[in-house]
Amino acid sequence: MERFTVEPLRVVDFVEHVRRRPAGYFLADQDSSELPTEVLRAVAWDALHRRDGRHGRISVEIGSDLSFTVESDQRPSADERERLLPEFFGSLLDMFDMQRWAPSAAAALSVRTVIEVWLDGHGYRQELAGMDLTGPREEFIAPKSFGTRTTFHLDPSFCGPGEAIAWALRPEELHGETCKEHPSPTTFPIHDLRAEAEESLSK
């Protein structure tokens, strides 16, 4: 009788799952030049859409070919306000519920993530490497009553050489026709620091 062996089953953690199947989260595979832009698009979409179906206010800053910041006026829910000491990943990213997967998935593809949460005049900042904390959260005086500001530095060894966030992005390219359920016109600033640096060098 032929005998078969079965490898022990194991739970694939979130970071490993995102890195194995990025297209399942960002509609682009690891070898796609579109991946950095798709990660930005997913995070911007997440920040823009409120739970009540309306659009929030956001801004996007592109710091380099593989880094970007999204600022949002998302207000934590009552439950989230009560658990500023997070439970799921042990970081401030847990301020976003699991229906808002994009910031956590983007962090899984990043070598460094800096998240700030502003709540009732108090600011909380934390840094991560992947989904691992690099230190305790810090408190500071918040610049606004509420909101979030998250910066992602995508892993260059994962994205591959030559890959970059697309240039000259417009709000409709990060939002646009895919939001047919909420057709109200939505604009938000996109600051590309690469373009500003290039312009200053040309002068």
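Calculation rules
Each chain has its residues counted from 1, following the order in which its sequence is written. In keeping with the predicted nature of the model, local features appear solely for residues at pLDDT of at least 70, side-chain atom pairs appear and are counted solely at 80 or more, and the whole-chain, interface and lining totals rest on all residues. Hydrogen atoms and water are omitted, and side-chain values are computed over all heavy atoms in the structure. Per the convention used, a helix needs a DSSP run of H or I reaching at least four residues, while a strand needs a run of E reaching at least two, with both numbered from the N terminus. A simple rule labels every residue: compare its accessible area, found with a 1.4 Å probe on the protein chains alone, to the largest value its type can have, and call it buried under 20%, exposed over 50%, or partly exposed in between. Residues count as neighbours in contact if any of their non-hydrogen atoms are within 4.5 Å of one another. Values of accessible area rely on a 1.4 Å probe in the Shrake-Rupley scheme; residue burial ignores everything except the protein chains shown. Note on pairing: DSSP must find at least two bridges between two strands before they are called paired. Classification of ring pairs rests on two measures: the distance between centres of Phe, Tyr or Trp rings, Trp counted by its six-membered ring, which must be within 6.5 Å, and the angle between planes, read as stacked under 30 degrees, edge-to-face over 60 and tilted in between. When the NZ atom of lysine or the CZ atom of arginine is within 6 Å of a ring's centre and also within 35 degrees of its normal, the charge is said to sit over that ring. Nonpolar core, defined: a set of buried Ala, Val, Leu, Ile, Met, Phe, Trp, Tyr and Cys residues in which side-chain atoms within 4.5 Å join the residues together. Think of a polar contact as two N or O atoms within 3.5 Å of one another; within protein, one of them needs to be a possible hydrogen donor and the other a possible acceptor, and neighboring residues in sequence only count if both atoms come from side chains. The predictor attaches a confidence to each residue, and that confidence, scored 0 to 100, is pLDDT.

**What about the overall build of the chain?**
Link 1 in the chain: Of regular secondary structure, the chain possesses eight helices and eight strands.
Link 2 in the chain: Per-residue burial for the chain yields a buried fraction of 47% across its 203 residues.
Link 3 in the chain: Contacts spanning at least 24 positions in sequence make up 63% of the contacts within the chain whose residues lie at least 6 apart.
Link 4 in the chain: Of the roughly 11,800 Å² of accessible surface on the chain, 52% is carried by carbon and sulfur atoms.

**A closer look at the pairing of strand β7 (residues 146–154)**
Regular strands place side chains that alternate from one sheet face to the opposite one.
Link 1 in the chain: Note that strand β2 (residues 67–72) and β7 share six bridges and pair antiparallel. Looking across to β7, one finds that S72 is bridged to T148.
Link 2 in the chain: Judged from the nine bridges that link them, strand β3 (residues 110–119) and β7 form a sheet pairing that is antiparallel. Counted as the bridge partner of I115 is T150 from β7.

**Quick notes on the packing of aromatic side chains**
Link 1 in the chain: The tally for this structure, following the rule as stated, stands at five aromatic pairs.
Link 2 in the chain: With a centroid separation of 6.0 Å and an interplanar angle of 85 degrees, the aromatic rings of F14 and Y25 are classed as edge-to-face. Within this pair, whereas F14 is found in helix α1 (residues 14–20), its partner Y25 is found in helix α2 (residues 23–26), the two being separated by 11 residues in sequence. Residues F14 and Y25 agree in their burial class; the two are buried.
Link 3 in the chain: By way of ring pairs, the aromatic residues F14, Y25, F26 and W101 are connected into one cluster.
Link 4 in the chain: Sitting above the plane of the F140 ring, R125 keeps its charged end 4.2 Å from the centroid.
Link 5 in the chain: Taking NZ or CZ as reference, R194 lies 4.3 Å from the ring centre of W167, over its face.

**Regarding the nonpolar core**
Link 1 in the chain: Formed by 40 residues in total, the largest nonpolar core has its most connected members in V18, F26, V39, L40, V60 and F68.
Link 2 in the chain: For this core, the element with the most residues is helix α3 (residues 35–48), which contributes eight residues.
Link 3 in the chain: Ignoring sequence-local partners within four residues, the contact set of F68 consists of V39, L40, V43, E61, I62, G63, T150, T151, F152 and I165.

**Here we look at the side chain of S67**
Link 1 in the chain: Residue position: S67 is located in strand β2.
Link 2 in the chain: On the basis of relative accessible area, S67 is assigned to the buried category, the value being 8%.
Link 3 in the chain: Polar contacts involving the side chain of S67 include one to the side chain of S64, which spans 2.7 Å.
Link 4 in the chain: The residues contacting S67, other than those within four sequence positions of it, are I62, F152, H153 and I165.

**Focus on the environment of I115**
Link 1 in the chain: Structurally, I115 can be placed in strand β3.
Link 2 in the chain: A relative accessible area of 0% means that I115 is categorised as buried.

**Points about the confidence of the model for the chain**
Link 1 in the chain: Overall, the prediction assigns the chain a mean pLDDT of 82, with 75% of residues at 70 or greater.
Link 2 in the chain: Considering only residues more than four positions removed or in separate chains, one finds that residues 85–89, a stretch of pLDDT under 50, has 10 contacts.

**Some thoughts on unusual backbone geometry**
Link 1 in the chain: If you check the backbone angles, L27 has positive phi at about 60 degrees while not being a glycine.
Link 2 in the chain: Mapping L27 onto the fold places it in the loop between α2 and α3.
Link 3 in the chain: Under the relative-accessibility criterion, L27 is labelled exposed at 73%.
Link 4 in the chain: Unlike most non-glycine residues, D120 shows phi in positive territory, near 55 degrees.
Link 5 in the chain: Within the element layout of this structure, D120 appears in the loop between β3 and β4 (122–129).

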